[in-house]
Amino acid sequence: AALTVPGVSAMSQRGVGDNLSQLVRHEAAGRGVRVSAAADGHYSLELFLVAEYGARLGRVGRQVAEQVNSALKDAVGLFPDSMVVHFNEVRPGDR
């Protein structure tokens, strides 16, 4: 859902450890998403994104949160307790 928002170029790596684990295991499934779950069924999300140059990050971040919340509501019927959207990189856009 995050990649459908204008101004988002790609999902990003979460950190150096993620870069290393991806090289070793060749996994990209969880790239750019960190889920923290509690025993009571509550959860929080962190999204790590690459923005397009010139995008208004505040606006794009709000739109990402809305799209992801909507997709999660449809898929699992629950919103996360919290969501943090990180922009780790900015790249030239297609405009």
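The preceding data block contains the structure.
Residues numbered from 1 in each chain as written. Predicted model: local features only at pLDDT ≥ 70, side-chain atom pairs only at ≥ 80, totals over all residues. Heavy atoms only, no water.

**Points about the pattern of salt bridges**
For step 1, the next point in the chain: Taken as a whole, this structure holds 2 salt bridges when the rule is applied.
For step 2, the next point in the chain: For the salt bridge of Glu89 with Arg91, the shortest nitrogen-to-oxygen distance reads 3.0 Å. (Salt bridge = Lys/Arg side-chain N within 4 Å of Asp/Glu carboxyl O.)

**Some points on the side chain of Ser12**
For step 1, the next point in the chain: Within the secondary structure layout, Ser12 lies in the loop between strand E1 (8-11) and helix H1 (16-25).
For step 2, the next point in the chain: Overall, Ser12 belongs to the buried group, its relative accessible area being 6%.
For step 3, the next point in the chain: Polar contacts involving the side chain of Ser12 include one to the side chain of Asn88, which spans 3.3 Å.
For step 4, the next point in the chain: Apart from residues lying up to four places away in sequence, Ser12 is in contact with Arg31, Gly32, Phe48, Leu49, Val50 and Asn88. (Helix = DSSP H or I, 4+ residues; strand = E, 2+ residues; numbered from the N terminus. Buried < 20%, exposed > 50% of the residue type's maximum accessible area, 1.4 Å probe, protein only. Polar contact = N/O pair within 3.5 Å; in protein donor to acceptor, adjacent residues only side chain to side chain. Contact = heavy atoms within 4.5 Å.)

So far we have only geometry, and geometry alone does not tell us how the molecule works.
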